[in-house]
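Residue-level listing of the chains:
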Amino acid sequence: MDRKTYKKKRKLRKRVIMILLPIMLLAVSAIGYSGYLYFKAKNAADGSYQELEGRAQSDMREEMVDPATDNVSILFLGIDESEKRSGTAGFEGGNTRTDAMILATLNNKDKTVKLVSIPRDTLTYIPETQQEDKINHAHAYGGPNASMESVEGLLDVPVDYYVRMNFYAFIDIVEALDGVEVDVPFDISEMDSEDSYNAIELKEGRQVLNGEEALAFSRTRSYDSDVARGGRQLEVMEAILDKTTSIGSINKYANVIEAIGDNMKTNMRFEEMKSFIAYASNSNLDVDMKTLQGEGVMYSGVYYYQPYEEDLESIKAELREHLDMPLLASNNPNSEDSYESDDEQEDSEVDSNSSW
């Protein structure tokens with residue numbers, strides 16, 4: 001493995017750990033060195049629990065799953081939300097759109113994790129509205145339930161759980177850690193979490209940022225590319241991870257747990273979260289992360305992200321295999337149903353010709 005590949009894998013590993021951090025913190029604290037931490041973690045988990053109305057389980061499941069014994073999937077939803085933006089999304093229900101969407105599948109036997117990042121502008125069918133749209137609009141139309149159904153339709157796998165976090169969680173975690181140290185590449189003037197313009201001023205150089213400053217550093221789009229923006233977000237995540245793993249105070253660790261609990265919603269109960277201890281404590285955790293590949297297209301003057309069909313089918317097959325589910329005919333070349341016989345093909349051609 002060359003150095004470039006190694007560094008890329010290391011960065012992906014760090015990013016994966018931070019994506020799973022909300023669950024990991026709660027899970028690890030459940031076996032922590034203090035009953036006080038256990039109490040805090042349980043309270044945070046209880047406070048973040050939000051049952052999905054009309055959805056006890058995925059329609060793609062025959063029975064309820066148990067993460068302690070079964071392979072499961074979790075949809076992580078990042079919400080660019082503030083008190084000012086709440087209820088102003090312009091959609092029925094007042095929900096906000098998702099800014100980030102990542103599906104994780106976890107294989108219980110192998111203790112492996114696969115992550116698929118779904119670009120926010122991905123064009124797909126939204127069951128809530130019965131029409132095609134950008135996938136990040138699903139949450140605005142129907143909350144986590146609509147997002148879960150849309151992802152199920154896109155990737156052909158069940159979505160068992162969701163974890164939704166807003167950027168107040170991000171701010172509060174940084175504040176609970178007394179700031180994070182990053183390298184600011186240039187002077188930045190950015191809005192704060194309440195969309196007040198030029199409220200945050202940062203000067204170039206390495207420095208410790210508070211919660212609002214770290215958010216501005218991570219979300220600004222005006223100075224460089226989306227790729228560079230992702231790199232800044234990763235730098236902050238790594239700084240949070242370094243601080244989190246070196247916490248010396250029980251109270252500070254408890255504050256981080258509370259920060260997550262106050263700004264996170266999930267349909268996982270505390271006992272289910274504890275089932276992920278085995279994943280979180282595995283130093284050799286095998287994680288594979290992919291981004292759904294595609295290209296930008298314009299329809300009626302609106303930009304969408306169109307996944308490549310071949311890549312989409314490949315990811316579907318990979319996720320279903322990871323969950324130990326049978327492959328679909330469309331992505332299983334060995335399936336008898338995945339091809340038509342010569343007679344069927346001829347019949348199809350006749351029917352097609354007769355329709356003109």
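It should be noted that the structure appears before, not after, this text.
Computed from a prediction, not measured in an experiment: that's the story for all the values here.

This paragraph deals with the packing of aromatic side chains. Enumeration over the complete set of coordinates arrives at two aromatic pairs. Judged by centre distance (5.3 Å) and plane angle (25 degrees), the ring pair of phenylalanine 186 and tyrosine 223 falls under stacked. Residue phenylalanine 186 is found in the loop between strand 7 (180–184) and strand 8 (188–190), and its partner tyrosine 223 is found in the loop between helix 6 (211–219) and helix 7 (226–245); the two are separated by 37 residues along the sequence. Here tyrosine 223 falls in the partly exposed class, since its relative accessible area comes to 37%. Here tyrosine 299 and tyrosine 304 contribute two aromatic rings whose centre-to-centre distance is 6.0 Å and whose plane-to-plane angle is 40 degrees, an arrangement assigned as tilted. Classification of tyrosine 304 as buried rests on a relative accessible area of 14%. One residue, lysine 134, lies across the ring of tyrosine 304, its end atom 5.8 Å from the ring centre.

The contact between helix 5 (residues 167–176) and helix 6 brings their axes to 8 Å, and the two run at 130 degrees. The angle between the axes of helix 5 and helix 6 places the two elements in the oblique class. Where helix 5 crosses over helix 6, the two elements pack in a sense that is right-handed. Residues Phe167, Phe170, Ile171, Val174 and Glu175 of helix 5 lie in contact with helix 6, whose contacting residues are Gly211, Glu212, Ala214, Leu215, Ser218 and Arg219. Classifying every residue of the contact of helix 5 with helix 6 gives six nonpolar, two polar and three charged.

Conventions adopted
- Residues numbered from 1 in each chain as written.
- Predicted model: local features only at pLDDT ≥ 70, side-chain atom pairs only at ≥ 80, totals over all residues.
- Heavy atoms only, no water.
- Phe/Tyr/Trp six-rings, centres within 6.5 Å; stacked < 30°, edge-to-face > 60°.
- Helix = DSSP H or I, 4+ residues; strand = E, 2+ residues; numbered from the N terminus.
- Buried < 20%, exposed > 50% of the residue type's maximum accessible area, 1.4 Å probe, protein only.
- Lys NZ or Arg CZ within 6 Å of the ring centre and 35° of its normal.
- Axes fitted to C-alpha atoms, helices over the stretch in contact; angles between N-to-C directions.
- Parallel < 35°, antiparallel > 145°, perpendicular 65-115°, else oblique.
- Left-handed = near helix turned anticlockwise from the far one by under 90°.
- Contact = heavy atoms within 4.5 Å.
- Nonpolar A, V, L, I, M, F, W, Y, C, P; charged D, E, K, R; others polar.

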